[in-house]
Amino acid sequence: NNILDSTITGASTGVQAHSGTSLSVERSTLSSDGSGLRIEPGASAIANSSVFQLVGRSSYAPAGAVTLTNLPGSNSSAELTTSTMIGYGRSSVPAINMANGTNRTIDVTLRNSVISGWSSSVTRTATAPSVSNITTINSAYAPFADSANGIRSETGRLEATDLGLL
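Residues numbered from 1 in each chain as written. Predicted model: local features only at pLDDT ≥ 70, side-chain atom pairs only at ≥ 80, totals over all residues. Heavy atoms only, no water.

Draft legend 1. Up close: the overall build of the protein. Looking only at helices and strands, the protein has 0 helices and 19 strands in total. Counting every position in the protein, which comprises 166 residues, the buried fraction comes to 45%. A separation of at least 24 residues holds for 60% of the contacts in the protein among residues at least 6 apart in sequence. (Helix = DSSP H or I, 4+ residues; strand = E, 2+ residues; numbered from the N terminus. Buried < 20%, exposed > 50% of the residue type's maximum accessible area, 1.4 Å probe, protein only. Contact = heavy atoms within 4.5 Å.)

This is the structure we're talking about:
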């Protein structure tokens, strides 16, 4: 499943990768009130040169620019390269929301990307035997604290709390 050169505005979710699928988002803008990209267990997504924007127009509960859901199922993953995640400044959720309490593994790679306007950059939750791994490479985002089970690897992080993208 490929989304290329597109603009998608959704009320609760821009696009969703369903279990058993692999989704590719390239050179696209995904705007929503809930989650720009939602990844279910057993699914994977790759986003290149894309923008994820939380617009906050309605009563939908925001979940994050990229959300990996906390539902039972298989492992899931997301790879975000040269992508931008823009919050609207009032969001109480992270840009990348990794919720894992269901005995599986979540892997996220953030490369050459920017996160701005969120209450926090990343939330990782996982209690053993669940695992939430994140690797960030040459990306700009506010520091985040977590104590999740799994690997956290940060290389070349630009220390920035507000890059003025709002």
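Draft legend 2. Representation of the sheet that holds strand β6 (residues 35–39). Judged by pairing direction, the sheet is parallel, and its 5 strands sit side by side in the order β3-β6-β9-β12-β15 without closing on themselves. The outermost strands of the open sheet, each flanked by one partner alone, are β3 (13–17) and β15 (120–126). In this sheet, neighbouring strand axes are inclined to one another by 10 degrees on average, regardless of whether the strands run parallel or antiparallel. Looking at chain direction, β6 and strand β9 (residues 64–68) are connected through 4 bridges and run parallel. Pairing of Ser35 across the sheet is with Gly64, part of β9. (Pairing = 2+ DSSP bridges. Axes fitted to C-alpha atoms, helices over the stretch in contact; angles between N-to-C directions.)

Draft legend 3. The side chain of Thr136, seen in detail. Topologically, Thr136 is positioned in strand β16 (residues 131–137). Only 2.7 Å separates the side chain of Thr136 from the side chain of Tyr141, close enough to count as a polar contact. Apart from residues lying up to four places away in sequence, Thr136 is in contact with Leu110, Tyr141, Ser153, Glu154 and Thr155. (Polar contact = N/O pair within 3.5 Å; in protein donor to acceptor, adjacent residues only side chain to side chain.)

Draft legend 4. Structural view of the environment of Glu159. In this structure, Glu159 sits in strand β19 (residues 158–159). According to the relative accessible area criterion, Glu159 is exposed, its value standing at 64%. For the pair formed by Glu159 and Ala142, sequence separation is 17 residues and the distance between their alpha carbons is 6.4 Å.

Draft legend 5. Up close: the packing of aromatic side chains. Scanning all chains against the criterion turns up 1 aromatic pair. The interplanar angle of 45 degrees and the centroid separation of 6.1 Å between the aromatic rings of Tyr141 and Phe144 together place this pair among those described as tilted. Residue classification places Phe144 among the buried residues on the basis of a relative accessible area of 7%. Here the guanidinium or amino end of Arg152 rests over the ring plane of Phe144, the centre of that ring lying 3.7 Å away. The aromatic ring of Tyr141 is capped on one face by Arg157, whose charged end is 5.4 Å from the ring centroid. (Phe/Tyr/Trp six-rings, centres within 6.5 Å; stacked < 30°, edge-to-face > 60°. Lys NZ or Arg CZ within 6 Å of the ring centre and 35° of its normal.)

Draft legend 6. Examining the environment of Leu68 more closely. Its location among the elements puts Leu68 in strand β9. Take Leu68: its relative accessible area is 0%, and that puts it in the buried class. Separated by 29 residues in sequence, Leu68 and Asn97 have C-alpha atoms that sit 6.2 Å apart. The residues touching Leu68, leaving out its near neighbours within four places in the chain, are Ile39, Ser76, Ser77, Ala78, Asn97, Met98, Ala99, Ile106 and Val108.

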